[in-house]
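Structural characterization, general
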Amino acid sequence: MARGWFDGRVALVTGGGSGIGRATALGYAAEGAKVVICDMDCAAGEQTAELIRTSGGEAALIECDVTEASSAEQMVAHAVERFGGLHVACNSAGTALETPEGEWDEDVVRRVYEVNAFGVLNTMKYEIRHMLENGGGAIVNIASVEGLVAQPGSPGYVGSKHAVVGMTRSAALQYVNRDIRVNAVCPGVTRTPLVERTMEIPEYKETMLAMCPSGRFAEPEEIANAVLWLSSDLASYVNGHPLVVDAGFVAQ
Ligand SMILES: NC(=O)c1ccc[n+]([C@@H]2O[C@H](COP(=O)([O-])OP(=O)(O)OC[C@H]3O[C@@H](n4cnc5c(N)ncnc54)[C@H](O)[C@@H]3O)[C@@H](O)[C@H]2O)c1
C-alpha cells in the first residue's frame, strides 16, 4: 500500500543494484520518490532502474565506486543534476570478503574497511554537503547486527560495521540542528546474493543459521521497510539510532 511518503523527493541508494539496496530503491519509488541507483555493477543497477520504470516510476543509474571519494562526489553531483535535488539517501553498498583463511589478512581486512566503512564515510560526506546547502534531508546507513555485537573470526566485517554505527552517531549529533537526520539499520541475516555467497563457506553457514531465532532469514523488503520509515517524516525525532531488524537475535 503506497502512502506517498516521498512524493516530490529524490532518493539515492548506493548498492542499489542488488539485495537490500535494490529492495530499498523499489520501496522509495513505490512511495513516490524519484530514485538514483548508484552501483559499481552497472548491469545490476540498470536492472533495478528498469524495474522501477516498468512500475511507472522514475529512476536513473549512476556508476559509482564508493571507495573513491571523487566517485562519491560525482555520484551526488550527477544525482542532483539528473533530478534537481537530493532529499533522502540510503548507503547500502557493502561487502563481506572475508574467508576463514583470510580473517587476519591485512589486505582483505583493509578492502572490507574501504568498502564498508570508507564507502559510507565518502558517500555521507557529499550527501550531507548537498543537504546542508539545500534545506536538509535524511540519511540511513546500512550497518549490521555485527555493528553492535561480534562474531568470532570476523575482524574486518565486525570492525567496519561498528565503524558505520559510530560514524552514524557522530554525524547525527553534528547536524542535528541543521535539519539533517542520520540513522542506521542493523539487519540480521538477510536473503541476498551476499549471503548466498557466504553460505558456501561451511564455517559461516553454521554461524548464520545460528543467528536466526525465527528459523528463517529476513527478506530484503523487511529490511527496506525499516529504511523507508527512518527516511520518512514519520521518524522526524529519530536521530543517531541503529535500528535492529533481526527477529530478536541481539535480544538474546
Ligand atoms: N545480507 C545480509 O545478511 C546483511 C546483513 C547485515 C548487513 N548487511 C549489509 O547490507 C548491505 C547490502 O548487502 P546485501 O546483502 O544487499 O549485498 P549484495 O551483495 O546483494 O549487494 C551489495 C551491492 O553493493 C554493490 N557494491 C559493492 N561494493 C561497491 C562499491 N565499492 N561501490 C559501489 N557499489 C558497490 C554491489 O555491486 C551490490 O550491488 C551491505 O552493507 C551489507 O554489509 C547485509
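The structure displayed is predicted, hence computed values, not measured ones.

Cut-offs applied
- Residues numbered from 1 in each chain as written.
- Predicted model: local features only at pLDDT ≥ 70, side-chain atom pairs only at ≥ 80, totals over all residues.
- Pairing = 2+ DSSP bridges.
- Helix = DSSP H or I, 4+ residues; strand = E, 2+ residues; numbered from the N terminus.
- Axes fitted to C-alpha atoms, helices over the stretch in contact; angles between N-to-C directions.
- Contact = placed C-beta atoms within 7 Å.
- Expected span 1.5 Å × (residues − 1).
- Buried ≥ 20, exposed ≤ 12 C-beta atoms within 10 Å, placed from the backbone.
- Arc of directions from axis to C-beta.
- Near = placed C-beta within 6 Å.
- Nonpolar A, V, L, I, M, F, W, Y, C, P; charged D, E, K, R; others polar.

**Overview of the sheet that holds strand 5 (residues 137-142)**
Sheet architecture is open: seven strands sit in the order 3-2-1-4-5-6-7, paired in parallel fashion. Each edge of the open sheet carries a strand with a single partner, namely strand 3 (59-63) and strand 7 (242-245). Ignoring strand direction, the axes of neighbouring strands in this sheet form an average angle of 20°. The pairing of strand 1 (residues 10-14) with strand 2 (residues 34-39) spans five bridges and is classified as parallel. Along strand 2, the bridge assignment pairs V13 with I37. Helix 2 (residues 42-54) rests against strand 2 and strand 3 of the sheet, and its axis sits at about 170° to strand 3.

**Digging into helix 3 (residues 69-83)**
Look at helix 3: 22 Å from first C-alpha to last across 15 residues, which is about the 21 Å you get at 1.5 Å a residue. Among the residues of helix 3, those classed as buried are A72, M75, V76, A79 and F83. Down the axis of helix 3, the sector holding all buried residues measures 90°, keeping them to one side. For helix 3, the exposed residues set more than 90 degrees away from the buried face come down to S70 and E81. Those residues of helix 3 that are buried are in contact with strand 1, strand 2, strand 3 and helix 4 (106-133).

**Observations regarding the site of the ligand**
The environment of the ligand is made up of 30 residues, and the closest members are G15, G19, G94, T192 and L194. Put simply, the parts of the chain that give the shell around the ligand at least two residues each are helix 1 (19-30), helix 4 and helix 6 (193-198). Grouping the constituent residues of the shell around the ligand by class yields 13 nonpolar, 14 polar and three charged.

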